[in-house]
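Per-entry structural report
If you want the building blocks of each chain, they are given just below.
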Amino acid sequence: MSGIVKVSRREFLATSALAGGGLILGLYLPAADTLAATLSAEPFKPNAFIRVGHDGWVTFIINHSEMGQGTSTALAMLIAEELECDWKRIRLEFAPVDPVYNNPAFGAQGTGGSTGTWTEFDRLRTMGASAREMLISAAAKGWKADTADCRAENGRVIHKRGRSIDYGKLAERAAKMPVPKEVKLKEPGSWKLLEKPMHRLDSPAKINGIAEFGLDVQLPGLLTVLIAHPPVFGGKVKSFKADKASAVPGVKKIVQVPSGIAVAATGFWAAHKGRALLEITWEEVEWGKLDTTEIAGNFAKMAMTPGTVARREGDPEHSLGGAVRKLSAEYVVPYLAHACMEPLNCTVDLRKDGCDIWVGTQSQTQDRNAAARVLGLKPEQVDLHTTFLGGGFGRRANPHNDFVVTAVEVARELKRPVKVVWTREDDMKAGYYRPLWYDRISAGLDENGNLMAWQHTIVGQSIMAGTSWEPVMIKNGIDATSVEGAKDIPYAIPNILVDLHSPRLGVPVQWWRSVGHSHNAFVVESFLDEVAHAAGKDPFEFRAALLSEKPRHLGVLKMAAEKAGWGKPLPAGIARGIAVHESYGSFVANVVEASVDSRGKVRVHRVVSAVDCGMHVNPDTIAAQMESAVAFALSATL
Amino acid sequence: MISLDVNGKKHLVDVEPDTPLLWVIREKLGLTGTKYGCGEGICGSCTVLIGGKAERSCQIAVKDAQGKKITTIEGVPKNHPVKKAWLAEEVSQCGWCQPGQIISAVALLKEKPKPTDADIDTAMEGNICRCGTYQRIRYAIHTAAATPGKGGVR
């Protein structure tokens, strides 16, 4: 491409600002396989999501966080489908914080809960169509032609008699065209990109090592900071001695902050060595002696008592009491770290009149506002720049903004640019976690092996309690996320009771990939297998019979069974299992082939997944997400 | 001063000699494609080639890397069969571990141009991916192996 030069990120920011594109706060993300940018101005800015340059390159502003789920490519596909731009001349930038970039499902900018694609499906296509119409109008005006005789294709407007013009040449004039009040979106049959497996726009930068993640941000005079976190959750520093730590070459400053002792150094290694030499005495804390065995023991006792009722159908107690065959099981799943491959980090440049933050976050508005609150600034004085996220899984949408708040607290003390880094050990030990859950579940069968009663008691900490989401998510004592996937089991059972205990403990808990579904699907589907076994029925047939009113569950269940060859013989020692679940509007069934060796080690040989997620945008990303979900689930269960 | 040979270029760096090579590459040379994941040599995110072998740069003091030929992800050509295969199979998700994965795959194919699944699993088991791209990593290595020196099939 002519006119492309290699520029550093800083140069790009400066150039873009000069070029009149407004200061670009997001990250420059090259769609091509080089870190290259045109230096042309982008005079056509039809809306907050699109800019078109003189060179015909288009920039899409991506308002959801790219953490591997492929959202940046899917959102670009939505815009590009209607804009009719050249897919090979697309740049992506992560959006600054602004209400226009709010997640429609949250009323704030943020990524999570499987909301990215469906919430943007109409909005971004409309943005693309609107810009396309303005480009067509500009071309028609220049040609003194009727817009009805012009169409757009691959970054050009084409007249029916054959002449055509590149978007870049139209950019200046298109900016002067009125924004159409209404646009007609393409019919699904004429889609060129949507529903096609598209290569990800972020892959080239990632495999060449030039995608910028939070931990990769560099600034002049930046200090790297490690925090000595308390050994016990909620612990406070009583006193500390920093003489030895301060003597480490490269260590510049050691200060106390609310979350511990911060060691600031010229690089990671000096901060790491310094931190190891701190001598800290910690206060005794309320939860200091608690351990997970004790927690599970307490939860087990609670599970024997009635909790707050989340769902009641029929007369479960009576039905269970009178069952011909009754069975019960208890399940306990441990606290789990998200363990993103990129450890948590946040970079802050605090000045008298404002603050810049670079962070891989899923929660832009709340993080920005929390930083402003801590610093005594107005939210608009804080510019938050979203980088790539080296994994998210919910951890990077912390309801208490922990990794951002700590970083601005450190910046406030040190008065120079800081990058606060969590080591892998910090990431695992200092919270937050998927809660430990204890489930007690019982079922009653009649004389024909029909499932008549289901009683499920769930015990675990509420992830919403004490957060800004509490008023929305906790109703009548039930945290909706604690019971999702358990309260709404799809099976036709006449008598159902699901109840909940939400003990308060000092262990910091948070949503974890698929939230309540991750543990409830495991418990419900595991127990349903026990019930099928007790009834002497095939687990696929047993489920199918209970799902006759649930076509989408049944659809994926049957497809997974068929594709896996359910019922066909397997090699000796290998067995099959099947499960089905719905979460966030997607229905998934899996058939797993597994064996157990003489030492009790489980080996999974094959997983067949069927997914019905309704309308889809990039099928290859959906396949990748299913593969990813299987690996993530196995990491939690094996 | 410590002298390093990284991606065919000589660098003189002023660092404490016990600093892990990882942090020198990232902070002093500005080559941030080499990632920190655990600092214990367990996750493989920091993998670089040293004399053609895949090594964990977080476990090597910079003084011990002097005089050796070091290649980071930025030094693997963009048209390398492994990188092309990584694009063709669309391996990357979050992307944090992928530079280390690619370096390990490059080293594997140098040693075993036609690896079996078992060879791949053995060579790659020290590279952890939280997104779970393992299956596509295996595909990509097979894809790269089918066309050594000629680029992957797309």
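Residues numbered from 1 in each chain as written. Chains lettered and ligands numbered in written order. Predicted model: local features only at pLDDT ≥ 70, side-chain atom pairs only at ≥ 80, totals over all residues.

Another point: the overall build of chain A. The secondary structure content of chain A amounts to 18 helices and 31 strands. Relative to the 2.2 N^0.38 estimate, which gives 26 Å for 638 residues, the radius of gyration of chain A is 28 Å and therefore close to what a compact globule would have. With the C-alpha coordinates aligned to their principal axes, the bounding extent of chain A is approximately 85 × 75 × 50 Å. Counting all 638 residues of chain A, 50% fall into the buried class. Considering only residue pairs separated by 6 or more positions, chain A has 72% of its internal contacts joining residues 24 or more positions apart. (Helix = DSSP H or I, 4+ residues; strand = E, 2+ residues; numbered from the N terminus. Rg over C-alpha atoms; globule rule 2.2 N^0.38 Å. Buried ≥ 20, exposed ≤ 12 C-beta atoms within 10 Å, placed from the backbone. Contact = placed C-beta atoms within 7 Å.)

Residue and element names in this part refer to chain B. Taken in spatial order, the 5 strands of this open sheet run β2-β1-β5-β3-β4, and their pairing is mixed. Where the open sheet ends on each side, the last strands, each with one partner, are β2 (9-13) and β4 (53-56). Here the strands of the sheet are splayed against their neighbours by 40° on average, with no regard to which way each runs. Judged from the 4 bridges that link them, strand β3 (residues 47-50) and β4 form a sheet pairing that is antiparallel. Along β4, the bridge assignment pairs Thr47 with Arg56. (Pairing = 2+ DSSP bridges. Axes fitted to C-alpha atoms, helices over the stretch in contact; angles between N-to-C directions.)

Okay, the interface of chain B and chain A next. Across the boundary between the two partners, chain B contributes 35 residues, which contact 40 residues of chain A. For the side of chain B that touches chain A, the secondary structure elements donating two or more residues are α1 (21-28), α2 (81-88), α3 (98-111) and α5 (134-146) of chain B. The class makeup of the residues in the side of chain B that touches chain A is 14 nonpolar, 14 polar and 7 charged. (Nonpolar A, V, L, I, M, F, W, Y, C, P; charged D, E, K, R; others polar.)

What follows deals with the pairing of strand β13 (residues 251-257) of chain A. Residue and element names in this part refer to chain A. Taken together, the 6 bridges between β13 and strand β14 (residues 260-265) define a ladder with antiparallel strand orientation. Its bridge partner lying in β14, Val251 is registered against Ala265. Remark: 2 residues form the turn of the hairpin made by β13 and β14, two consecutive strands paired antiparallel.

Looking now at helix α4 (residues 167-174) of chain A. All names here are of chain A. Within α4, burial applies to Tyr167, Gly168, Leu170, Ala171 and Ala174. Down the axis of α4, the buried side of the element spans an arc of 155°, and every buried residue falls inside it. The elements touched by buried residues of α4 are β4 (44-47), β5 (50-52), α3 (116-143), β9 (156-159) and β10 (164-166). (Arc of directions from axis to C-beta.)

All right, on to the packing of α3 of chain B against α5 of chain B then. The relative placement of two packed helices is expressed as an angle between their axes plus a distance between the axes. All names here are of chain B. Packing of α3 against α5 leaves a shortest axis separation of 11 Å and a crossing angle of 40°. Relative to α5, the element α3 is oriented oblique. Read as a crossing pair, α3 and α5 show a hand that is right-handed. On α5, the residues touching Gln101, Ala105, Leu108 and Leu109 of α3 are Ile137, Ile141, Ala144 and Ala145. Residue composition of the contact of α3 with α5, grouped by class: 7 nonpolar, 1 polar and no charged. (Parallel < 35°, antiparallel > 145°, perpendicular 65-115°, else oblique. Left-handed = near helix turned anticlockwise from the far one by under 90°.)

This part takes up the confidence of the model for chain B. Residues at a pLDDT of 70 or more form 95% of chain B, whose mean pLDDT is 94. Confidence drops under pLDDT 50 across residues 148-154 of chain B; counting only partners more than four residues distant or on other chains, this segment forms 18 contacts. (pLDDT = per-residue confidence, 0-100.)

Residues and elements named next belong to chain A. Packing of helix α2 (residues 71-83) against α3 leaves a shortest axis separation of 6 Å and a crossing angle of 35°. Crossing hand, α2 versus α3: right-handed. Contacts from Thr71, Ala74, Leu75, Leu78, Ile79, Ala80, Glu81, Glu82 and Leu83 of α2 reach α3 at Gly116, Thr117, Glu120, Phe121, Leu124, Arg125, Met127, Gly128, Ala129, Ala131 and Arg132. Classifying every residue of the contact of α2 with α3 by side-chain character gives 11 nonpolar, 4 polar and 5 charged.

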